[in-house]
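Per-entry structural report
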Amino acid sequence: MGKLGRRKFLAYTTAAAGASVLLNACGPSGSSGDDKVVEAGGDAAPAAGGGDTIKVGILHSLSGTMAISETTVVDAEELAIAEINANGGLLGKQIEVIKEDGASDWPTFAEKATKLIDQDKVAVVFGGWTSASRKAMLPVFEEKDHMLWYPVQYEGQECSKNIFYTGAAPNQQIEPAVDWLLENKGKEFFLVGSDYVFPRTANNIIKEQLKAKGGTVAGEDYLPLGNSEVTPIINKIKQALPDGGVIFNSLNGDSNVALFKQMKSAGMGPDKYPVMSVSIAEEEVKQIGPEFLAGHYASWNYFQTVEDPANTKWVKDFKAKYGEDRVTNDPMEAAYMAVYLWAQAVEKAGTTDIPAVRDAAYGQTLDAPEGKVTMGTNHHLAKTVRIGEIRDDGMFDIVYATDAPVEPVPWNQYVPDTKGYACDWSDAAKGGKYKT
């Protein structure tokens, strides 16, 4: 039960192809008329594990500035649940989705998480994108000793007993990207980010890393989330780096549209001002327009262009359900496999009870579309690191990849306050933060 191998994974997803499902798609493709879903505001459902279904919560921004990214993650989660249901369900029951809208508003995420746990009695929640949304939900899940699976790369410096992180830790995305830039693109950096916890913490890590490796920070600036007034930032970049330099971009949401369009208008192309982004993937490239992004870079663990049988199958099935014009990306893939990893843990535990599922999740492996992943006792995945260059068609040429999955390091080893610390929830004496 600890491993879903490539053959079994392909057979598992194949069994779902063409089958009717219990789910309602929430992305740009719309929904099918005969699907079944409990929408936000519906009647309270019976306790998870009781009755004929196992209820799970999906909590992402379906409106607001983050909807550009999060609605596609919902599609990926619902596809995984549809496949599991079509293959017989979980513990002999079908999985029922209760879907809520975080509305790109962090207090709303906490409110909806509380509703899903207390009123809807879900067995688990899959949700969040920004670290602000996760930080808002974290005390809810810890107070109620419930379980959140969070699918997006983040800044680290956290290791909660109640969250499983299926996106990258900084040493699986940000740090390798900085190393690659120093080796290939230059040593002068300008840091641009949205004004909340992830970009600011990520940039603190980057500054410590550059200090240790001989790079310099020529400037640093932030925009409120959703703000598109990027002209002052572009002027600062040109003033700080008149001869060009590296731009490390941790903007989220709609702000990226303005940044790349105005950079092109200002003649700041990737030949002189290469941008490395950590929150732009295939979906964002498609919506912004590849003509504004071609030649720039992104650091992730997954790209749609990964050559792997599991990925070929997943992309085919995703397009078959949602449309040939749709694309896949890293957060979608991390959300998709989160559902499977949780389901494997439930099967191993033989119950949806939180403590049993938590223990059963340790060591779970999956031959996912990105390649083999393994869940550690620090609630993070060992993952392959990749850097992609954006092509004219909106896809990524993979220009760098690690030879094997990289073990996650939640507590950053460049930042003095957390250097030498680790996390291990399988050992009560160690817990979420202990000195190695």
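Residues numbered from 1 in each chain as written. Predicted model: local features only at pLDDT ≥ 70, side-chain atom pairs only at ≥ 80, totals over all residues. Heavy atoms only, no water.

Digging into the environment of Ile84
- Looking at the secondary structure, you find Ile84 in helix α2 (residues 67-86).
- The spatial distance from the C-alpha of Ile84 to the C-alpha of Tyr340 is 8.2 Å, given a sequence separation of 256 residues. (Helix = DSSP H or I, 4+ residues; strand = E, 2+ residues; numbered from the N terminus.)

A word on the sheet that holds strand β11 (residues 297-300)
- Sheet architecture is open: seven strands sit in the order β8-β7-β9-β10-β11-β15-β16, paired in mixed fashion. The strands lining the two open edges of the sheet, one partner per strand, are β8 (216-223) and β16 (396-401). Within the sheet, the average angular offset between the axes of one strand and its neighbour, ignoring direction, is 25 degrees.
- Summarising the sheet, strand β9 (residues 246-250) and strand β10 (residues 275-277) pair through three bridges and their orientation is parallel. Bridge pairing links Ile247 to Val275 in β10.
- Seen against the sheet, helix α5 (residues 174-184) touches β7 (188-194), β9, β10, β11, β15 (386-390) and β16 and runs at an angle of roughly 165 degrees to β9. (Pairing = 2+ DSSP bridges. Axes fitted to C-alpha atoms, helices over the stretch in contact; angles between N-to-C directions. Contact = heavy atoms within 4.5 Å.)

Digging into the packing of helix α12 (residues 330-349) against helix α13 (residues 354-361)
- Where α12 contacts α13, the axes come no closer than 8 Å and their chain directions differ by 110 degrees. With respect to each other, α12 and α13 are oriented roughly perpendicular. Regarding α12 and α13, the two cross each other, and that crossing is right-handed. Counting all contacts with α12, which are made through Trp342, Ala345, Val346, Lys348 and Ala349, the residues of α13 involved are Ala356, Val357, Ala360 and Ala361.
- Partitioned by chemical class, the residues of the contact of α12 with α13 number eight nonpolar, no polar and one charged. (Parallel < 35°, antiparallel > 145°, perpendicular 65-115°, else oblique. Left-handed = near helix turned anticlockwise from the far one by under 90°. Nonpolar A, V, L, I, M, F, W, Y, C, P; charged D, E, K, R; others polar.)

Notes on the packing of aromatic side chains
- Counted under the stated rule, the structure contains 13 aromatic pairs.
- Measuring from centroid to centroid gives 6.3 Å for Tyr150 and Tyr154, while their planes differ by 85 degrees, and the two rings are edge-to-face. Accessibility assignment for this pair places Tyr150 and Tyr154 in one class, buried.
- Plain terms: the ring middles of Trp180 and Tyr297 are 5.0 Å apart, the flat faces sit at 55 degrees to each other, and that makes the pair tilted. Pair noted here: Trp180 is in helix α5 and Tyr297 is in strand β11, with a separation of 117 residues, a long-range link. For the pair Trp180 and Tyr297, a shared accessibility class is recorded, and that class is buried.
- Aromatic ring contacts, followed pair by pair, group Tyr302, Trp314, Phe318, Tyr322, Tyr336 and Tyr340 into a single cluster.
- Directly above the aromatic system of Trp411 lies the positively charged group of Lys433, at a separation of 4.7 Å from the ring centroid. (Phe/Tyr/Trp six-rings, centres within 6.5 Å; stacked < 30°, edge-to-face > 60°. Buried < 20%, exposed > 50% of the residue type's maximum accessible area, 1.4 Å probe, protein only. Lys NZ or Arg CZ within 6 Å of the ring centre and 35° of its normal.)

Some remarks on empty space enclosed by the protein
- Throughout the structure, instances matching the rule amount to one cavity of 30 Å³ or more.
- Here the largest cavity defines a volume of roughly 30 Å³.
- Along the walls of the largest cavity sit Trp129, Thr130, Ser131, Tyr150, Val152, Gln153, Tyr196, Phe198, Asn252 and Ser279, which together make up its complete lining. (1 Å grid on protein atoms, 1.4 Å probe; cavity = no way out; pocket = protein on both sides within 12 Å on 5 of 7 lines; lining within 4 Å. Points joined across faces, edges and corners; volume = space filled by probe spheres on them.)

Quick notes on the packing of α2 against helix α11 (residues 309-322)
- Where α2 meets α11, the axes come as close as 11 Å, and the angle between the chain directions of the two elements is 100 degrees. The angle between the axes of α2 and α11 places the two elements in the roughly perpendicular class. Across from Asp75, Ala76, Glu78, Leu79 and Glu83 in α2, the residues of α11 making contact are Trp314, Asp317, Phe318, Lys321 and Tyr322.
- Tallied by class, the residues present in the contact of α2 with α11 amount to five nonpolar, no polar and five charged.

A closer look at the sheet that holds strand β4 (residues 125-127)
- Strands sit in the order β3-β2-β4-β5-β6 across an open sheet of five strands; the sheet is parallel. In the strand order of this sheet, the two ends are held by β3 (94-101) and β6 (163-165), each with one partner. With direction set aside, neighbouring strand axes in the sheet form an average angle of 25 degrees.
- Pairing of β4 with strand β5 (residues 148-150) involves two bridges; the strand directions are parallel.

Overview of the environment of Lys99
- As for its position among the elements, Lys99 is in strand β3.
- Lys99 sits in the buried class, given a relative accessible area of 4%.
- Separated by 26 residues in the primary sequence, Lys99 and Val125 place their C-alpha atoms 9.6 Å from one another.
- Within the structure, Lys99 has its side chain in polar contact with the side chain of Glu78 (distance 3.3 Å). (Polar contact = N/O pair within 3.5 Å; in protein donor to acceptor, adjacent residues only side chain to side chain.)

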